[in-house]
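Chain by chain, the residues run as shown.
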Amino acid sequence: MNTPNRYRSLAGLLFSVALVLFLLFFLYMIFAENISVTSTLHSPHEYFLVEDYSCTQVEDPSTPAGVKKEYRWIIQEDHASENCLCFFMVHQEAHVYFDGQLVYSMTLGEDNRIGRTISSNWVTVPLSSSEAGREITVVITPFFKSGVDFEPEFYQGSHYSIAFDIIARDLPQMFIATLCMVLGVIIIGVQLYFTFRVHIRRLDLIYLGAFAFMLGLWRITDLKCSPLLFSQNPMALGYISIGILFLIGIPFLLFLSTFFTGKKSVPMLILSLLYSVLAAGALLLQLCGAADFRQMLPLSHVMLIMAVLFPMVTSLLIKGDRHTRYIQQSWKFSLILTVGVLFDIFLFYLTDSSSYIIFALLAFIVYSLVVLVASIRDTVRKAYVDPRTGLANKLRWNDLLGDNAPVAEGTAMLMMDLNGLKQINDNYGHDTGDEALLRFSGILRGLFPSSSLISRWGGDEFAIMMQDMTPQKLERYLEAFSDAVDQSNARTGEPHLYFAVGYAFAADYPGLNHRQLLSKADELMYANKKRWYAQRNAAQG
């Protein structure tokens, strides 16, 4: 490695280290450091948690879960000026009474045909000073037995302050989840560009992008603040959130299955097919009213656990796969994601909350970026690099020089042809022909300046663009190239390398674009090629 490249690599490494350290610092400042504010002034925008209330569980066979809970307390005089009562419900109905008079209710719409629960929602009941001393009774009716043990927290005060604090609490996860969705769109967009622009279809990026978008969307719809932000139809958020859990394992499995070849990918493909059937079955049960997504939530959790554990175990067991090294290098990111998912599911059943997956999301974002960069590099190499010689291919040349702008003065276009390649293939075999191509391309790469664009145009032809070139400088390069070819022939023996060359300067053909100038060089190369064959035939004849 030469000195500039060594410094460039070192600078890139140090920048990466600094960037990671600063990101860790920023995260520490966000989550660990704070300021202390003390004030003796009463703010009309404060709120408090109601703690002095009674709770009675009432058996009621007419309710979906056979039970309901009644919460009662008296609005105190010193808090009568506060302007609302807020509390969060999870798959429950709510009725609020002032001194036995119904003032608020949140229930399923009468016209609902599919939904059997109102999902998670915030109840907001306006209060005024006239309510001081009155008894509040909140009757909460769970839709499912799993929601009987959920205990709401009652906040009394400014609706603005309550909503602001709830959103502020969830803001880091909201930001990271949005980043996941944006990353998913970018990944899919990159793949669509490769598909339509360079005609390379890579389904792994489509699957990864779909998984990233669905992961971000699930996290957003599952946040406690989402019903406040999307108050038009918060009921849909719960169904979107659980519905994604049935689907999200499928693109994840399909994405990881692309890392395995042949029969080694079959187990994950079969599992993804099974997941598709299970997801379709869950949706069918929901649509026909046989069961609700919330009742089938444990099934979605089992599917998710299997989806994250199965590929990781498979990647550790399989040996000899051409993608194994890549999987072994990235499985640690998958492990972090797996731990985050398992931890999130564990906490859900322990606390009925899923607010602790932020680090798993961050790990997944890092993993996705690593995969995206690696995929882009691999795809670009396949699209723009000739696999035999490692030089740029014709598509890369056309992408860089396909415009109709006149060529800048000082530019030289060269066309070279490896004479007699067909005879080498016929007489010595195609492997020897490939070795001849590699020798020739290696000399091209080593003799011409790094600023040149060298392309294998196709077959035995090579196109070269050189800038800041004069006829005298080009002659020196061609003499050096010819000497290098002769030295290579002396070292390797038969078959020898021979070439034809033609070149054209932009200064000699003003106004031509790159394609037209290369065409001039091509004409001159063919003339040189004919002379070479004529001389060889004369010598042999």
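Computed from a prediction, not measured in an experiment: that's the story for all the values here.

On to the overall build of the protein chain, then. Counting its secondary structure elements, the protein chain contains 15 helices and 13 strands. Out of the 541 residues in the protein chain, the part that is buried amounts to 45%. At a minimum sequence separation of 6, the contacts of the protein chain that also span at least 24 residues come to 75%. Element-wise, carbon and sulfur atoms account for 60% of the exposed surface of the protein chain, whose accessible area totals about 28,900 Å².

The subject of this paragraph is unusual backbone geometry. Of note, the amide linkage connecting Glu-494 to Pro-495 takes the cis form, showing an omega dihedral of -5°. Not every positive phi belongs to a glycine, and Ser-119 is a case in point at roughly 65°. Structurally, the position occupied by Ser-119 is in the loop between strand S6 (101-106) and strand S7 (120-126). For Ser-119, a relative accessible area of 1% corresponds to the buried category.

Further remarks concern the side chain of Glu-93. As for its placement among the helices and strands, Glu-93 is situated in strand S5 (residues 92-98). Buried Glu-93, no salt bridge; nearest opposite-charge side chain is Lys-68, N-O distance 9.4 Å. When sequence neighbours within four positions are dropped, the list of residues in contact with Glu-93 reads Met-106, Thr-107, Leu-108, Ile-118, Val-139, Ile-140, Thr-141 and Phe-143.

Among the six residues that make up strand S11 (residues 453-458), five are buried, leaving the element largely enclosed by the rest of the structure. Two strands pair when backbone bridges link them, and S11 and strand S12 (residues 461-466) are joined in this way by five bridges, in the antiparallel orientation. Bridge pairing in S12 places Arg-456 opposite Phe-462.

Burial in helix H12 (residues 421-428) covers these residues: Leu-421, Ile-424 and Asn-425. Here the buried residues of H12 occupy an arc of 95° about the axis, which is enough to place them on one side. In H12, the exposed positions angled more than 90 degrees off the buried face are occupied by Lys-422, Asp-426 and Asn-427. For H12, the secondary structure elements touched by its buried residues are strand S10 (412-419) and helix H13 (430-447). Of the residues flanking the end of H12, it is Gly-429, one or two places downstream, whose phi is positive at about 105°.

Our next topic: the confidence of the model for the protein chain. Per-residue confidence for the protein chain gives a mean pLDDT of 79, with 81% of residues at or over 70. Here residues 32-44 is a poorly scored stretch, pLDDT under 50, and it has four contacts once near neighbours within four places are set aside; other chains count.

So, on to the pattern of salt bridges. Summed over the entire model, instances satisfying the criterion amount to nine salt bridges. The closest approach of N and O atoms between Asp-222 and Arg-219, which form a salt bridge, is 3.2 Å. Pair noted here: Asp-222 and Arg-219 are both in helix H3 (residues 203-222), with a separation of three residues, about one helical turn. Among the salt bridges present, the one from Arg-388 reaches Asp-434, with a minimum N-O distance of 3.0 Å. Here Arg-388 is found in the loop between helix H10 (358-384) and helix H11 (394-401), whereas its partner Asp-434 is found in helix H13, with 46 residues between them in sequence.

Let's shift gears to the sheet that holds strand S8 (residues 135-142). Taken in spatial order, the five strands make up an open sheet running S2-S3-S8-S5-S6, and their pairing is antiparallel. Because the sheet does not close on itself, it has two edges, and the strands there are strand S2 (54-59) and S6. Strand-to-strand twist in this sheet, taken as the mean axis angle between neighbours without regard to direction, amounts to 20°.

Next up on the list: the sheet that holds S11. Taking strand neighbours across the sheet as the criterion, the four strands line up as S11-S12-S10-S13 in an open arrangement whose pairing is antiparallel. On the outer flanks of this sheet lie S11 and strand S13 (498-505), each paired with one strand and no other. Shown here is a sheet whose adjacent strand axes are inclined to one another by a mean of 20°, direction ignored. On top of the sheet, H11 reaches S10, S11 and S12; it is set at about 125° to S11, its chief contact. In this fold helix H14 (residues 471-492) packs onto S10, S12 and S13, with an angle of close to 170° to the strand it touches most, S13.

Enumeration according to the criterion identifies 21 aromatic pairs in this entry. Aromatic side chains Tyr-53 and Tyr-71 sit 5.7 Å apart centroid to centroid with 70° between the ring planes, which places their arrangement in the edge-to-face category. Of this pair, Tyr-53 sits in the loop between strand S1 (47-50) and S2 while Tyr-71 is found in strand S3 (residues 67-74), placing the two residues 18 residues apart along the sequence. A relative accessible area of 28% means that Tyr-53 is categorised as partly exposed. For Tyr-71, a relative accessible area of 1% corresponds to the buried category. Among the aromatic side chains, those forming a connected cluster through ring pairs are Phe-440, Phe-448, Phe-462, Tyr-477, Phe-481 and Phe-499. Against the face of Trp-218 rests Arg-219, its NZ or CZ located 4.9 Å from the ring centre.

The rules behind the values
Residues numbered from 1 in each chain as written. Predicted model: local features only at pLDDT ≥ 70, side-chain atom pairs only at ≥ 80, totals over all residues. Heavy atoms only, no water. Helix = DSSP H or I, 4+ residues; strand = E, 2+ residues; numbered from the N terminus. Buried < 20%, exposed > 50% of the residue type's maximum accessible area, 1.4 Å probe, protein only. Contact = heavy atoms within 4.5 Å. Areas by Shrake-Rupley, 256 points an atom, 1.4 Å probe, with all protein chains shown as cover. Lys, Arg positive; Asp, Glu negative; His and termini not counted. Salt bridge = Lys/Arg side-chain N within 4 Å of Asp/Glu carboxyl O. Pairing = 2+ DSSP bridges. Arc of directions from axis to C-beta. pLDDT = per-residue confidence, 0-100. Axes fitted to C-alpha atoms, helices over the stretch in contact; angles between N-to-C directions. Phe/Tyr/Trp six-rings, centres within 6.5 Å; stacked < 30°, edge-to-face > 60°. Lys NZ or Arg CZ within 6 Å of the ring centre and 35° of its normal.

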